[in-house]
Amino acid sequence: MDQPAGSLATAPLTIVAVYAHPDDGEFHAAGSLAKWAAQGHHVHAICATDGALGSKRRDASPGEVAAARARELTSALAVIGAAPPILLGFPDGFLIDHRKELRERLIHHLRRLRADRVLTFDPHKRYEIHPDHLTVGRMASEAAVFSCFPLLHPEHLDAGLDPVQPEEVWYMGPLEHKPNRVIDIAGTLSTKIAATLCHESQIEMLADWFVKGADPRALTAEQTRQLRSGAETFLEGMGRGMAMAHGGKVEIAECFYALPVGPGHFDNYQQMAMEQMGAPPEEPQFG
Ligand SMILES: [Zn+2]
């Protein structure tokens, strides 16, 4: 269950992060992904949409924004030590209209990569408003529990793929359930920051947040420095806060809620039943 935290006593895992947008993974999971990659696990990222709406600029076309963001994700994954991105290219903001095709593509890639672990957004999070985040979390979860059924998308088998049953789905970002995995990312915080800063088009949108009054289209060198410094401070503070919230056993952390995968369902009935009867959630595993 917690092999990635330690040495590679067992075969490397294949870990597949499934995002809605090119920058979705950096804030929530880049430190863990970089740690696992450094430990020898195979880390992949699938991005469902083209990210073409992710800019406040009025002088950029959707195609230009999508192309820039694809380049940014490719750079970020290289920094993390992950494989180049798998870009599905569904329309940004409208993923909910492509659920069936998205799930088929995800099942295809989970089978092709022989996924052991799937990382994605928690589709059950209250107040998560972005429909792409909710859709990608839901469809990645469904893909993880359905990939084992040979009668589903038999065309994949005809093309030489085999069914696969990943071990777990890990939810990242805002969680509906108390985290049960706390990953120590003190050793990869600088990698996480470097990967996040690859997403220049997105960092630019935070300009006014970190540098009051800054025009994101005409940043001075000093404002760019302040912007990067603000992003670094923010990410480090976020990691320290996560660690403190879990007893301070580690200094800087990323937190997840991991669910074991069964055929067609999550294999969590006993835990859920216990919690419904008033038992506390399981204690987090540190890794
Ligand atoms: Zn997003």
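Scoring rules and cut-offs
Position numbers for residues start from 1 in each chain and track the written sequence from start to end. Residues qualify for local features only when their pLDDT is at least 70, as the model is predicted, and side-chain atom pairs are given and counted only at 80 or more; totals for whole chains, interfaces and linings, by contrast, use all residues. Helix numbers and strand numbers start at the N terminus; a helix is a DSSP run of H or I with at least 4 residues, a strand a run of E with at least 2. Backbone-placed C-beta atoms define the burial measure: a residue is buried with 20 or more other C-beta atoms within 10 Å of its own, exposed with 12 or fewer, and partly exposed in between. Note on geometry: axes are lines fitted to C-alpha atoms, helical ones only across the stretch in contact, with angles between N-to-C directions running from 0 to 180 degrees. Angles are sorted into four bins: roughly parallel if under 35 degrees, roughly antiparallel if over 145, roughly perpendicular if 65 to 115, and oblique for all others. Each helix crossing is assigned a hand: it is left-handed if the near helix lies turned anticlockwise from the far helix by less than a right angle, otherwise right-handed if that turn is clockwise. In this description, a residue-residue contact is defined by the distance between C-beta atoms placed from the backbone, which must lie within 7 Å. Only Asp, Glu, Lys and Arg are considered charged in this grouping, and only Ala, Val, Leu, Ile, Met, Phe, Trp, Tyr, Cys and Pro are considered nonpolar; every other residue, Gly among them, is considered polar. Between any two strands, at least two bridges found by DSSP are needed for them to pair. Between the first and last residue of a helix there are one fewer steps than residues, each counted as 1.5 Å, and that sum is the expected span. The term nonpolar core means buried Ala, Val, Leu, Ile, Met, Phe, Trp, Tyr and Cys residues held together as one set by C-beta atoms within 7 Å. pLDDT is a per-residue confidence score from the predictor, ranging from 0 to 100. Bend, at a single residue, is the angle you get between axes fitted to the 7 residues ending at that residue and the 7 residues starting at it.

Topic: the overall build of the protein chain
When helices and strands are counted, the protein chain shows ten helices and nine strands. Each principal axis of the C-alpha atoms in the protein chain carries an extent, and together these give about 55 × 45 × 35 Å. Within the protein chain, the fraction of its 287 residues that count as buried is 44%.

Quick look at the packing of helix α6 (residues 189-197) against helix α9 (residues 221-245)
At a minimum axis separation of 10 Å, α6 and α9 run at an interaxial angle of 135°. By the criterion of interaxial angle, the relationship of α6 to α9 is oblique. Of the two possible hands of crossing, α6 and α9 adopt the one that is right-handed. Where α6 approaches α9, its residues Leu189, Lys192, Ile193, Thr196 and Leu197 are matched on the opposing element by Arg228, Ala231, Glu232, Leu235, Glu236 and Gly239. Looking at side-chain class alone, the contact of α6 with α9 contains five nonpolar, two polar and four charged residues.

Side note on the pairing of strand β7 (residues 253-262)
Along β7, eight of the ten residues are buried, which leaves the element largely enclosed by surrounding structure. Here four bridges tie strand β5 (residues 168-172) to β7, and the two strands are oriented antiparallel to one another. Residue pairing for β7: tryptophan 170 is matched across the bridge by alanine 258. Strand direction decides the pairing type here: strand β6 (residues 181-184) and β7, joined by four bridges, are antiparallel.

Focus: unusual backbone geometry
Note on backbone geometry: most residues besides glycine have negative phi, and most peptide bonds are trans. The phi angle at arginine 114 is positive, at roughly 60°, despite the residue not being glycine. On the secondary structure map, arginine 114 appears in the loop between α3 (99-113) and β4 (117-121). A positive phi angle, near 50°, is found at histidine 153, a position not held by glycine. Structurally, the position occupied by histidine 153 is in the loop between α4 (131-146) and α5 (154-158).

Overview of the pairing of β4
In terms of burial, β4 is a largely internal element, five of the five residues being buried. Both strand β1 (residues 14-19) and β4 contribute to a ladder of three bridges, which runs parallel. Note on β4: the bridge partner recorded for alanine 17 is leucine 119. Taken together, the five bridges between β4 and β5 define a ladder with parallel strand orientation. Bridge pairing in β5 places threonine 120 opposite tyrosine 171.

Things to note about α4
The terminal C-alpha atoms of α4, which comprises 16 residues, lie 22 Å apart, in line with the 22 Å expected from a rise of 1.5 Å per residue. Taken across its 16 residues, α4 has 13 buried, putting it largely inside the fold.

A look at the nonpolar core
Ranked by internal contacts, the top residues of the largest apolar core, which has 69 residues, are Val18, Leu33, Ala48 and Ile80. Discounting residues that sit within four places of it in the chain, isoleucine 80 has contacts with Ala30, Leu33, Ala34, Ala37, Val43, Thr191 and Ala195.

Examining the confidence of the model for the protein chain
The predicted model of the protein chain has a mean per-residue pLDDT of 93, with 97% of residues at 70 or higher. Every residue in residues 1-7 scores below 50 in pLDDT, and together they form twelve contacts with partners more than four places removed in sequence or on other chains.

Focus on helix α1 (residues 24-38)
The end-to-end C-alpha separation of α1 is 21 Å, in line with the 21 Å expected for 15 residues at 1.5 Å each. For α1, the principal kink sits at alanine 30 and spans about 70°. Most of α1 is tucked away, with 13 of its 15 residues classed as buried. Immediately beyond the C-terminal end of α1, within one or two residues, lies glycine 40, with a positive phi of roughly 105°.

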